[in-house]
Amino acid sequence: MQKKMILKSDMRVYFDMDGTIAKWRDVPVEESRKPGYYTDLEPETELLDFLSAALKADINMNILSSYYTDTRALLEKKKWLDKYLPGISSSHCLFVPYGENKAEFVETMLHRKLGKMDILVDDHTPNLARWETAGGTGVKWLNGINGKNGRFEGIRVGSVKELKAAFDEIADRK
């Protein structure tokens, strides 16, 4: 019998957008800076369905995404979320200027240090490494493009089933 996924009330989960809830197109950086790039990203449907259900259950889910400050990326990302995740409140959507540390950004917002129940689901190893160094728990989302070098030694998942099991594991550690 499969154990039911546990999300504790003290868990705060942050999902990256590009390469996580939105499928990343492996293109040169210049391409990702062109108008329309972010609004045209295909959704990671299984992960969005999970996220929508969690939001309806009033579980503390958040978006934490970086954006280029000199492009339309922020506006496009907000439009993408309006289309594919309309149930998320804007207060649960955090946008960090590209190059800034996501962990430091969230700590500033929370007015406290990250703890093990602050979970980042992201496809980019440097973000996860900084998150874990700050005291949070990183979960690497394997999207078919990343994860081939094995640089991230923490939790690695490539499906919602694996993500649910990871959340159970994190809840059991506390």
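See above for the structure.
Because the structure is a prediction, the values reported are computed rather than measured.

(A) Seen up close, the sheet that holds strand E4 (residues 118–122). Strand order across the open sheet formed by six strands is E3-E2-E1-E4-E5-E6, with parallel pairing between neighbours. Only two strands of the sheet have a single neighbouring strand rather than two, namely strand E3 (93–97) and strand E6 (155–157). For this sheet, the mean inter-axis angle between neighbouring strands, taken without regard to orientation, is 25°. Two strands pair when backbone bridges link them, and strand E2 (residues 61–67) and E3 are joined in this way by five bridges, in the parallel orientation. Among the inter-strand pairings, Tyr-67 is bridged to a residue of E3, identified as Pro-97. In this fold helix H2 (residues 45–56) packs onto strand E1 (12–15), E2 and strand E5 (137–141), with an angle of close to 130° to the strand it touches most, E2. Packed on one face of the sheet, helix H4 (residues 102–110) meets E1, E2, E3 and E4 and runs near 130° to E3.

(B) Representation of H4. Buried within H4 we find Lys-102, Ala-103, Val-106 and Glu-107. The buried residues of H4 occupy one face: seen down the axis, they fall within an arc of 130°. With respect to the buried face of H4, the exposed residues turned more than 90 degrees away are Glu-104 and Thr-108. Buried residues in H4 make contact with E1, E2, E3, E4 and helix H5 (125–133). If you check the start of H4, you find a side-chain oxygen 2.8 Å away from the backbone N of Ala-103, and it comes from Asn-101. Just beyond H4, the residue with positive phi is His-111, at close to 60°.

(C) The nonpolar core, seen in detail. By size, the foremost hydrophobic cluster in this structure holds 39 residues, and its most contacted members are Phe-15, Ile-21, Ile-63, Leu-81, Val-121 and Leu-163. Contact partners of Ile-21, with chain neighbours within four places excluded, come to Phe-15, Asp-16, Pro-43, Glu-44, Leu-47, Leu-48, Leu-51, Ile-63, Trp-80 and Leu-81. Grouped together as the second largest cluster of nonpolar side chains are eleven residues, Leu-64, Leu-114, Leu-128 and Trp-131 included.

(D) How the structure looks around the pairing of E5. Among the five residues that make up E5, five are buried, leaving the element largely enclosed by the rest of the structure. Side-chain alternation along E5 places Thr-137, Val-139 and Trp-141 on one buried face and Gly-138 and Lys-140 on a second face that is also buried. For E4 and E5, the ladder comprises four bridges, and the chain directions are parallel. The partner of Leu-120 across the bridge, within E5, is Gly-138. Taking the sense of rotation as the criterion, the β-α-β connection linking E4, H5 and E5 turns out right-handed. The pairing of E5 with E6 spans three bridges and is parallel.

(E) Molecular detail of the side chain of Ser-65. Mapped onto the secondary structure, Ser-65 falls in strand E2. Look at Ser-65 and you get buried, because its relative accessible area is 0%. Within the structure, Ser-65 has its side chain in polar contact with the side chain of Lys-77 (distance 2.7 Å). When residues no more than four places from it in sequence are discounted, the contact partners of Ser-65 are Asp-16, Met-17, Asp-18, Lys-77, Leu-94, Phe-95, Val-96 and Lys-102.

Calculation criteria
- Residues numbered from 1 in each chain as written.
- Predicted model: local features only at pLDDT ≥ 70, side-chain atom pairs only at ≥ 80, totals over all residues.
- Heavy atoms only, no water.
- Pairing = 2+ DSSP bridges.
- Helix = DSSP H or I, 4+ residues; strand = E, 2+ residues; numbered from the N terminus.
- Axes fitted to C-alpha atoms, helices over the stretch in contact; angles between N-to-C directions.
- Contact = heavy atoms within 4.5 Å.
- Buried < 20%, exposed > 50% of the residue type's maximum accessible area, 1.4 Å probe, protein only.
- Arc of directions from axis to C-beta.
- Polar contact = N/O pair within 3.5 Å; in protein donor to acceptor, adjacent residues only side chain to side chain.
- Core = buried A, V, L, I, M, F, W, Y, C linked by side-chain atoms within 4.5 Å.
- Right-handed = clockwise from strand over helix to strand, strands pointing away.

Geometry only, nothing functional implied.
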